[in-house]
Amino acid sequence: MSFKTFLTREFLVDTLNNLPALHTPVIDNIYKHCVNHPFPYVSLNQLSTPANNIPLSERGTQAYSMNGSEHLDMFEPKPVRPSLFVSAREMVDFHAMTGIDKSSFLAGKIDLLRQACRRTSEAMAALALNGSYEYPMESMSGVSLVPISLGSLTEVKLTKWTDATSLGKIIQDLEQMADVIRAQGFGNEIAFLVAPNVRQFLYEALTKIANGTNLGSFDPATQDLIFGGHRIKSLSTTYFDYTDNTTKSALAAGNIIAIDLSADHKMIYCATEDIQNQFGALPFVVSQFESPDLNGIKLFGQSKPFPAPVIQAMCKAKVL
């Protein structure tokens, strides 16, 4: 007894298409370019390719190189691998079901596995906006934090905001951060991602504004704040740190990140280390393993996400 005849790529795609969409605001709104990468690693060269304009070439001159960095440093993402055990009793019940019921049974298992992979991808995507971050990884010796560095964000030194800070000064600081991004050749669609306490501070500042001012407003459709034409978005993503069993914020309190949303921020899904799926480069795959004592089957979900924001299109500051 097994699920092998069901766990085809076509069945998985159909099942995922029929399941409710998962709301992952960081991936959905920032990492709009999803890439199925055919290799298990990503080279620094691929991440450093310039995305802004380039010079024209006169006849007879060499073409402008788009290779970016000369370094061949490689990032090899670690897989996200949740599992579910299906007992022999469940397998007997499964094989007594009709075709539609069998599909529904498997869809429920696949849904749990894909949620774990997607939530992990979302947490990593939010953390990656810091440039360098650490994420828990389980190994033979236990759970430890693995450092991941995509580069350092330019840090803008600003005077801390207080209740006495004027709205004009806040807008001036936001514009200073935007100028840093523009100086790197980006800036078509700049937004500001803020920690929840910064968002609360700005919201309270907005409510104190006299009626009729055009310096700030609230967008009820998106829940964004708008100051002097600058859009403020709350980055409230949290993740569970298995090294100390605490929930942490992806963006530390008091911090703000300016980002050009039009830059080519990629969510790369590398080839999985999965023989049953022929090492497929897909956002999510499912495979099975029969228990040696034949008392059940273990279903594995697997994904190798690698969020790659454009570091040059971002900068950060601590304002509270």
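The text that follows walks through the structure, step by step, so that each part is easy to find. (Residues numbered from 1 in each chain as written. Predicted model: local features only at pLDDT ≥ 70, side-chain atom pairs only at ≥ 80, totals over all residues. Heavy atoms only, no water.)

1. Some remarks on the sheet that holds strand β9 (residues 216-219)
Read from one edge of the open sheet, 7 strands run β7-β19-β14-β8-β11-β10-β9, paired in mixed fashion. The open sheet has two free edges, formed respectively by β7 (154-155) and β9, since each of these has just one partner strand. Bridge count between strand β8 (residues 190-194) and strand β11 (residues 230-234): 4 bridges; the pairing is parallel. Across the sheet, residue valine 194 finds its bridge partner in β11, namely serine 234. Contacting β8, β9, β10 (224-227), β11 and β14 (255-260), helix α7 (residues 196-207) runs over the sheet at an angle of about 60 degrees to β10. (Pairing = 2+ DSSP bridges. Helix = DSSP H or I, 4+ residues; strand = E, 2+ residues; numbered from the N terminus. Contact = heavy atoms within 4.5 Å. Axes fitted to C-alpha atoms, helices over the stretch in contact; angles between N-to-C directions.)

2. A short note on helix α1 (residues 9-18)
Residue pairs three or four apart in sequence face the same way in an α-helix, which turns once every 3.6 residues. Among all positions in α1, only Phe11, Leu12 and Thr15 are buried. One side of α1 carries all its buried residues, which in axial view fall inside an arc of 100 degrees. In α1, the exposed residues that point more than 90 degrees away from the buried face are Glu10 and Asn17. In this structure, the buried side of α1 is in contact with α5 (99-128) and β16 (285-290). (Buried < 20%, exposed > 50% of the residue type's maximum accessible area, 1.4 Å probe, protein only. Arc of directions from axis to C-beta.)

3. Some thoughts on the sheet that holds strand β18 (residues 305-308)
Strand order in this open sheet of 3 strands is β1-β15-β18, and the pairing throughout is mixed. Single-partner strands in this sheet number two, and they are β1 (33-36) and β18. Between one strand axis and the next, the sheet turns by 20 degrees as a mean value, whatever way the strands run. Pairing geometry for β1 and strand β15 (residues 266-269), over 4 bridges, is parallel.

4. Digging into the packing of aromatic side chains
The tally for this structure, following the rule as stated, stands at 6 aromatic pairs. Ring geometry for phenylalanine 75 against phenylalanine 306: centres 5.3 Å apart, planes inclined by 35 degrees, an arrangement best described as tilted. Placement of the pair is phenylalanine 75 in strand β3 (residues 74-75) and phenylalanine 306 in strand β18, with a sequence separation of 231 residues. An identical accessibility class is assigned to phenylalanine 75 and phenylalanine 306; each is buried. Ring centres of phenylalanine 240 and tyrosine 242 lie 4.8 Å apart, and the angle between their planes is 75 degrees; this geometry places the pair in the edge-to-face category. Residue classification places phenylalanine 240 among the partly exposed residues on the basis of a relative accessible area of 35%. Over the ring of phenylalanine 94 we find lysine 102, and its NZ or CZ is 5.5 Å from the ring centre. (Phe/Tyr/Trp six-rings, centres within 6.5 Å; stacked < 30°, edge-to-face > 60°. Lys NZ or Arg CZ within 6 Å of the ring centre and 35° of its normal.)

5. Remarks on the layout of surface pockets
Put simply, the largest pocket is a space of about 1100 Å³. Lining the largest pocket are 30 residues, with Pro79, Val80, Thr120, Tyr135 and Pro136 positioned closest to its centre. Looking at the lining of the largest pocket, the elements with two or more residues in it are α5, β5 (132-139), β6 (142-149), β12 (238-241) and β18. Among the elements that make up the lining of the largest pocket, the one with the highest residue count is α5 (6 residues). Looking at side-chain class alone, the lining of the largest pocket contains 20 nonpolar, 4 polar and 6 charged residues. Volume-wise, the second largest pocket comes out at about 500 Å³. Taken together, 17 residues make up the lining of the second largest pocket; nearest its centre are Leu16, Arg114, Arg118, Pro283 and Phe284. If you list the elements that add at least two residues to the lining of the second largest pocket, you get α1 and α5. (1 Å grid on protein atoms, 1.4 Å probe; cavity = no way out; pocket = protein on both sides within 12 Å on 5 of 7 lines; lining within 4 Å. Points joined across faces, edges and corners; volume = space filled by probe spheres on them. Nonpolar A, V, L, I, M, F, W, Y, C, P; charged D, E, K, R; others polar.)

6. Re a nonpolar patch on the surface
Judged by side-chain polarity, Phe39, Tyr41 and Met74 come together as a nonpolar surface patch covering roughly 290 Å² of accessible area. With respect to the helices and strands, the residue tyrosine 41 is situated in the loop between β1 and β2 (42-43). (Patch = residues over 30% accessible without salt bridge, like charges linked within 9 Å, V, L, I, M, F, W, Y side chains within 5 Å. Areas by Shrake-Rupley, 256 points an atom, 1.4 Å probe, with all protein chains shown as cover. Salt bridge = Lys/Arg side-chain N within 4 Å of Asp/Glu carboxyl O.)

7. Brief notes about the side chain of aspartate 260
If you trace the backbone, aspartate 260 turns up in strand β14. Of the polar contacts made by the side chain of aspartate 260, one reaches the backbone nitrogen of glycine 187; its length is 2.6 Å. (Polar contact = N/O pair within 3.5 Å; in protein donor to acceptor, adjacent residues only side chain to side chain.)

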